[in-house]
There are 2 protein chains.
Amino acid sequence: MISVNATHDPQLRSWVASARVAGCDFPIQNLPFGRFRPTGSTEPFRIGVAIGDQVLDLKAAGLVDHADMNALMAAAPAARQALRARLSAGLAEGSADQAAWARALVPQAQCEYTVPCEVRDYTDFYTSVHHATTIGKQFRPDNPLLPNYKWVPIGYHGRASSIVVSGTSFKRPHGQTKAADAAVPTFGPCKRLDYELELAYFVGQGNALGEPVGIATAEDHLFGVGLFNDWSARDLQAWEYQPLGPFLSKNFASTVSPWIVTMEALAPFRAPFTRPADDPQPLPYLDSAANRAQGALDITLEVWLQTARMRAAGEEGVRLTRGNTTQAAYWTAAQLIAHHTVNGCNLNPGDLLGSGTLSGPTPGEAGSLLELSQGGKQPVALPNGETRSFLEDGDTLILRGWCERAGAVRIGLGEARGTVVA
Amino acid sequence: MISVNATHDPQLRSWVASARVAGCDFPIQNLPFGRFRPTGSTEPFRIGVAIGDQVLDLKAAGLVDHADMNALMAAAPAARQALRARLSAGLAEGSADQAAWARALVPQAQCEYTVPCEVRDYTDFYTSVHHATTIGKQFRPDNPLLPNYKWVPIGYHGRASSIVVSGTSFKRPHGQTKAADAAVPTFGPCKRLDYELELAYFVGQGNALGEPVGIATAEDHLFGVGLFNDWSARDLQAWEYQPLGPFLSKNFASTVSPWIVTMEALAPFRAPFTRPADDPQPLPYLDSAANRAQGALDITLEVWLQTARMRAAGEEGVRLTRGNTTQAAYWTAAQLIAHHTVNGCNLNPGDLLGSGTLSGPTPGEAGSLLELSQGGKQPVALPNGETRSFLEDGDTLILRGWCERAGAVRIGLGEARGTVVA
């Protein structure tokens, strides 16, 4: 586990004024990594660190000599911890670097982003037992939570090519669906388009094929965390998913936030990982004292919806959900790494592990419309009189996340935003 | 569809003597692409074309100025057809290039290979209705072939990182399994290790996110075909696969042949795509006159097993299966491309689409041990007195494939070979 150190000191203040604003996602205690360039340019994307409402260009600041985020992620944790310490010192009030680094700042309002690293392989997990149970009831009323769920961190491979960065619109997918009472399927636009509130865990150091990563060192292979929306076409999913899992219902687009918040930044926001006493305890390869003591992440997550009508009226949107990862996740990130590699499977730097939909224990903490609207049977009423069972064309969905604790400075994950178009 | 032209002329002979040997996999009518280097060297892999028992180094021959197979695959079909014509002319008897190109030949016996291109995303399909039915009976006795099978080309995403080239050994995977009569799962080495006989379809030109590829132009996005072994841990699979599909049971290793046989080389070996009259016909987005007329590939496939005892005795091994793709595949490669992209999913050059296990209609044409041994209940008797229900440590499994037709020169796909170690 990563310890809390001087880079987390609540007294630490940056010479970047916007980083000192209360409630800011990117204070000096955060320092997340992303890839940016001036909006509208065709330059290659560069590695940057968010600070307040600015981006520090790492190359311009003399901190890296390349633009290869995956190479940076591949380094051993000590290397990125050293980089974090260097960034923290250089951005702190009184730093001798201020004059030089100030010239390496670009306002975020003048930047565009891409997916924060090259994602070679993307795996999606299913870590919320609440989500698995609620969804399971809809797909298999008599058999909601399958017998393997509490033993196996259920996961499946997803499509890396269609992962897009926050702010990217996508077309409503077409595909085959079959009504329960229909004899044959029909082809057309998805009618039950949904979002899924997830975290993206980004792999740092890889492992060689045939060399499992034990639970004790699993976090050495985690670089950090982002927000992730695994858009889902529920009607396509219901018809296609047996026996080999979701395919076209998921691979038309997935939206990731531009910033990777590192495991180092998250150090003050760790929590015990516990199981209900009646539940089976994890098998030894998924269990360790450190994982039990502080394997979980304490992140508050929100889902906001801005319909086209709200946007036209200048309204920011409405919050659909607020929850917390400690309530939602039945498996920790370390357990996902240990499980994924226990058969020898090799992970590479930049690989993305989706947490699965992080629904909490109460209906208001559900991480998808399929849950909130009870499979479309109870449309969600919005304050402006609109209702939603599923997403409509023009809807913008925004995921937000942050960590807040007594004795620590609040840090944010930014947002993952996407709009569905016809 | 790609037409038969002068590059397929049975009268065409190469000045490379080994390419004229009857039964050779790589006559001048084939010209498959791969990535090679001298055995044991640490040089970067280079692009080569197999001819007889030699490899033509494309850069040394002045035909490309790079070693980026994916860039070559990304080109429009006309570009690779022009390259094929150039290769065919230069390797033909009487060519003015003979003296120069002879210096660009490297004996295959002195080469090692890597996966023939960088596979960014790998999708596995399930195109044999015979395999789906036989396996379905074992997993779901009362419900073997699911209602979607004859409508949807069932597919799921696989792991790209663990695809290895022919000749690579891999460790028997460990994982969770649960016996039917056990209360809780146990952890240990896989006891039901299997192979799957598949074709790899390699994507050439990509498509942009949100822009489906219609069935009429689907083959313009196909570069070629290889052999593919989707090793499967059946006991892990049975316990983990619901509800989201196979994961650790598949992603420990998949073996691909070193050579990609192009769609151009396969032009003389096309076959009609037909459905039993009682079966539903494909939905319009999966149907075209050209696909019906010659959407299928006529490839003979074999599976060979060489046990450690056979190897010690100097024996080549025993053939377990021989079948043909026209009997096995319920969906054509063009249909897989059209289906995969119909929701807007983007394919990239070098993406690999597995056909799924190509089992034919008779038990002797089964493409996996799970089928041949009836789920382990009827061990396969080998000529030397050994038996196999599933693979044992030291077993080498070899896939072979070739095309043969009256009026055409036989071409081969080479082999995909892998050995399981403890």
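How each quantity is defined
Residues numbered from 1 in each chain as written. Chains lettered and ligands numbered in written order. Predicted model: local features only at pLDDT ≥ 70, side-chain atom pairs only at ≥ 80, totals over all residues. Heavy atoms only, no water. Domains from an automatic or database assignment. Contact = heavy atoms within 4.5 Å. Buried area = accessible area lost by both parts, 1.4 Å probe. Salt bridge = Lys/Arg side-chain N within 4 Å of Asp/Glu carboxyl O. Polar contact = N/O pair within 3.5 Å; in protein donor to acceptor, adjacent residues only side chain to side chain. Helix = DSSP H or I, 4+ residues; strand = E, 2+ residues; numbered from the N terminus. Nonpolar A, V, L, I, M, F, W, Y, C, P; charged D, E, K, R; others polar. UniProt positions renumbered as here; feature names shortened; annotations may be inferred. Least-squares fit on C-alpha atoms with pLDDT ≥ 70 in both.

Colleague: With reference to specific residues and values, describe the domain arrangement of chain A.
Modeller: Residues and elements named next belong to chain A. The domain architecture assigned to chain A consists of domain 1 (6–113) and domain 2 (122–421). Once you take the C-alpha centre of each, domain 1 and domain 2 turn out to be 27 Å apart. With 28 residues of domain 1 in contact, the opposing surface of domain 2 contributes 28 residues. Between domain 1 and domain 2 the total buried area reaches about 2,300 Å² when both faces are included, carbon and sulfur atoms providing 65% of it. For the domain 1 face of the interface with domain 2, the top three residues by lost area are Met73, Arg80 and Tyr113, together amounting to 28%. Where domain 1 touches domain 2, the interface holds 2 salt bridges. The interface formed by domain 1 and domain 2 contains 13 residue pairs in polar contact (both at pLDDT 80 or more). If you list the elements that add at least two residues to the side of domain 1 that touches domain 2, you get β1 (33–38), β2 (46–51), α1 (69–74) and α2 (77–91). Per-class residue counts for the side of domain 1 that touches domain 2 are 16 nonpolar, 8 polar and 4 charged.

Colleague: Describe the UniProt feature "domain: Fumarylacetoacetase N-terminal" (unreviewed entry) in chain A, listing the residues and the values that go with them.
Modeller: Feature annotation in UniProt places "domain: Fumarylacetoacetase N-terminal" (unreviewed entry) on residues 29–116 of chain A, given in this structure's numbering. Counting secondary structure, residues 29–116 of chain A comes out at 30% helix and 25% strand; the distance between its end C-alpha atoms is 20 Å.

Colleague: Report on the relation of the copies chain B and chain A, specifying residues and quantitative values.
Modeller: With an axial shift of 0.0 Å and an RMSD of 0.0 Å, the rotation relating chain B to chain A amounts to 180°. Accordingly, the operation relating the two chain copies is best matched by a two-fold axis. In terms of C-alpha distance to the rotation axis, chain B has B:Gly245 as its closest residue, with the C-alpha 2.2 Å off the axis. Most of the interface of chain B is mirrored in chain A, where 100% of its interface residues again form contacts.

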